[in-house]
Amino acid sequence: MRSTNLRDQTISFQKEFIHVPERIFHLVDLAYNLWWSWHPEARMVFKLLDRPAWKASGHNPIKMLRSLPEESLNRAATSKLFLRHYDAVISAFYSDIEDENCWFSQNVSMDGCSPVIYFSAEYGLHHSLPLYAGGLGFLAGDYIKECSDLGMPLVAIGFMYPKGYMRQVIDDDGWQHTVDEVLDRRAAPIMQVCLQQGKPLIVQVPMINPPLYIAVWKVMVGRIPLYLLDTDISLNEPSMRTISARLYSGDKNQRLLQEIVLGIGGMQVLHVLGISHSIIHLNEGHAAFALLERIRRSREKGSPYSRALEDVMNTTVFTTHTPVPAGHDIFPLELMDTYFSSYYPLLGLSRNEFYQLGADSDSIPSGFNMTALALRLSTYHNAVSKKHKETAYEMWKDRIPQIKQDPGSFEYVTNGIHTKTWIDPKMLRLFNEYLGQNWLSRQDSRIIWELIEDIPDALLWKNHMLLKLKLINRICKRSRIAWFERDISPALVLAEGSLLDPMIMTIGFSRRFATYKRADLIFSDKERLLRLLCHPTRPIQIIFAGKAHPDDDPGKEILQRIILAAKDPVFQGRIAFVENYDEQLSQYLVHGVDLWLNNPVPPMEACGTSGMKAALNGVPQVSIPDGWWLEGYNTKNGWVFGKERDERDDMRDASALYDLLEEEIVPLYYATDEQGIPHGWVTVMKEAMKAVGCSFTMKRMVTEYVNKFYVKAHEYQVQEKEKGISSPVSDTFPV
Ligand SMILES: *Cc1c(COP(=O)(O)O)cnc(C)c1O
């Protein structure tokens, strides 16, 4: 085998060479740590350095620093104003990521624990590192940011997708096309993991034939290292190089190889880097092969299968994320044979025993289901909202007998959002003023959130209107650029939002265009919709954004329907579809619209997070009773329509939505005083902020994962150690 444990060798993390004057030397460290992305004062450092260059780089400090002329950097290094800001931020940066008195050390007793290993197929961290498709990725990104803030020891593993990001281009017929955007590794905040003399580290995926090699990149997310696995290297056969090219390939073979790389390759990378670990947390089933690899390793050390299994189970946390069938990977057994026929004997299992691990029914397994595998190999498994727990339990109780026998074993931790990432900087300043400077460290206290009431209605409203203006300006600017740079028709320019009016009540709907999310529900009765949009005194407008998966034609058809409506003069420009939904556009939308719309087919939205992002910024939600809204809605902080459980009936749900908009929501929005302040509406805004700010945050979520699972898994290990049995699945050597 090429790679062995490298404890005795020097490992380095090669940054792109960037020349910066000595006095502002730490700028490079700051640029290489995504910490800057959730600290507005750190973003300001780059902005102050050279505002046009910051914009031109698309808010990517590495790209910007590489392109800056020497004189700009020299000027900054002698500017009093810049240096004052720089010194303050650098000192805050180091004291934050090195703080020993963090939440974790003060609140959690997991003495001597190794870092938790967190596996996720995608990470939504910032638009300069597009390694995400949707909600699952943002959840993972937000999670590791919060772990950094709290000082939770964790190491994250993910995938490097050189072509991970697809840019959405809409043609004149409203059809979605996608263009691969190739990630420039030299201009991304990633460092290559190298051996001596800067030779890139290459790791072979163990026991898999034909041989598969991976290069490794490291991303710093505050205190948390995230290692990205990259198969696009010359050592691999051409067909293997493209494994990591794209997120969620539709091709089963590619997909299986991706998951082999992530799970088995990921464990090998940890081993090679000498990263000690004990608890594994799988964010969805894509990396579940990591658990097989742990069993294989302890078998190699001589443990019986049953002992290895027990150990793996008691130290594994598995989070399942979706009731949508396409969200669960099932691989044909013949395909599994291709890669695993020499692997499962190493586990001490027969072919049939091995395939039983991935069986999703009691009968002869017809495919290998990754969710079933993860459920069987984890003592701690959880759903992502209270309702999803019931749905997931129903889904699996008859397929996996252990789950039926022990219903209590299925827990839930409702998802949350990383407050500092999703709050608009202007709102943040308002919160700092009214909630007290240290409100963030006390964000889970209800009392803090009552202080929202002290913000004068007029001030909050003015702030909100500025954000709305910013959103609409942004959208107009995007269509202006598209009009100028691409050959698009005038009708498409209008459809992309150039007729939006900041004085009109604005509904936002943006998310992936998966069919169950029913983006076109509000078009069910065109006449009623028209009456709402073009009401003589109380008009509304709707902004849509989102991408359909490249293989999802029904999703693209829904998208087309919306674009054709946006182009249709009959709607008078009150429908807009904004192209190429990404993290940056998402920020503008959740900060700037007036009302967030969420209308999935229940119970398909396991949780949903975009409504939380909106509510945190004072944008209340009108939603189907599904996912987090069943826990979040308290009658004062938004609206609910439709049925929680029933046959799908779009017309019924749409009617309920129209009724609510006509009778309650729109009149409330337009009920303003002489100064133009809608006090009734602002009351709902404040309730929305309070409810989410306190309970639907990443801090609450990380705390629950720690208390419900990590602490118990750690206790198990401590007990085993006390019995004198060293855990065969843990690598316990120091980093
Ligand atoms: C938050 C977010 C999502 C997930 O939104 P859901 O409401 O959970 O579907 C997807 N994409 C982007 C860009 C986001 O910011």
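As shown above, the structure is provided for reference.
Residues numbered from 1 in each chain as written. Predicted model: local features only at pLDDT ≥ 70, side-chain atom pairs only at ≥ 80, totals over all residues. Heavy atoms only, no water.

Here the focus is the overall build of the protein chain. Looking only at helices and strands, the protein chain has 31 helices and 23 strands in total. In terms of C-alpha radius of gyration, the protein chain reaches 26 Å, essentially the compact-globule figure of 27 Å for 735 residues. Based on the C-alpha atoms only, the size of the protein chain along its principal axes is roughly 80 × 70 × 55 Å. Taking as baseline every contact in the protein chain between residues at least 6 positions apart, the subset at least 24 positions apart corresponds to 75%. Of the roughly 27,700 Å² of accessible surface on the protein chain, 52% is carried by carbon and sulfur atoms. Placing the 79 positive and 89 negative side-chain charges of the protein chain at their respective mean positions leaves the two points 3 Å apart. (Helix = DSSP H or I, 4+ residues; strand = E, 2+ residues; numbered from the N terminus. Rg over C-alpha atoms; globule rule 2.2 N^0.38 Å. Contact = heavy atoms within 4.5 Å. Areas by Shrake-Rupley, 256 points an atom, 1.4 Å probe, with all protein chains shown as cover. Lys, Arg positive; Asp, Glu negative; His and termini not counted. Charge placed at Lys NZ, Arg CZ, Asp CG, Glu CD.)

Summarising burial for strand β6 (residues 165–170): 5 of the 6 residues are buried, a large majority. Strand direction decides the pairing type here: β6 and strand β7 (residues 176–181), joined by 6 bridges, are antiparallel. Paired with Arg 167 across the two strands is Val 179, which belongs to β7. Linking two consecutive strands that pair antiparallel, namely β6 and β7, is a turn of 5 residues; a positive phi of about 80° is found at Gly 174 within it. (Buried < 20%, exposed > 50% of the residue type's maximum accessible area, 1.4 Å probe, protein only. Pairing = 2+ DSSP bridges.)

Among all residues except glycine, the phi angle is most often negative; among peptide bonds, the trans geometry is most common. In this chain, Asn 209 is followed by Pro 210 through a cis amide linkage whose omega measures -5°. Tracing the backbone through its elements, the reader meets Pro 210 in the loop between β9 (202–204) and β10 (213–221). Here the residue pair Pro 602 and Pro 603 is connected by a cis peptide bond, since its omega of 5° sits within 30 degrees of zero. Mapped onto the elements of the fold, Pro 603 is located in the loop between β21 (595–598) and α27 (610–616). Backbone geometry places Arg 518, a non-glycine residue, at a positive phi of 50°. On the secondary structure map, Arg 518 appears in the loop between β18 (505–510) and α24 (526–533). Judged by relative accessible area, Arg 518 falls into the buried class, the value being 1%. One non-glycine residue, Thr 635, adopts positive backbone phi at about 75°. Mapped onto the elements, Thr 635 comes out in the loop between α28 (629–632) and β23 (638–640). Among the residues examined, Thr 635 registers a relative accessible area of 59% and is labelled exposed.

Turning next to the site of the ligand. Around the ligand, the surrounding shell holds 13 residues, and the nearest of these are Lys 517, Ser 586, Thr 609, Ser 610 and Lys 613. Here Ser 586 contributes a side-chain N or O atom positioned 2.7 Å from an oxygen atom of the ligand. Side-chain polar atom of Ser 610 to an oxygen atom of the ligand: 2.5 Å apart, as the coordinates give it. Across the complex, the protein chains shield 95% of the 390 Å² of accessible surface that the ligand would expose by itself. For the shell around the ligand, the elements supplying multiple residues, two or more each, are α8 (135–150) and α27. Split by domain, the residues of the shell around the ligand number at least three in each of domain 2 (116–416 + 700–722) and domain 3 (424–696). (Near = heavy atom within 4 Å. Polar contact = N/O pair within 3.5 Å; in protein donor to acceptor, adjacent residues only side chain to side chain. Domains from an automatic or database assignment.)

There is a patch of like positive charges on the surface, built from Arg 51, Lys 55, Lys 477 and Arg 480. The topology assignment puts Arg 51 in helix α3 (residues 51–56). (Patch = residues over 30% accessible without salt bridge, like charges linked within 9 Å, V, L, I, M, F, W, Y side chains within 5 Å. Salt bridge = Lys/Arg side-chain N within 4 Å of Asp/Glu carboxyl O.)

Scope: geometric values only; no functional claims are made or implied.
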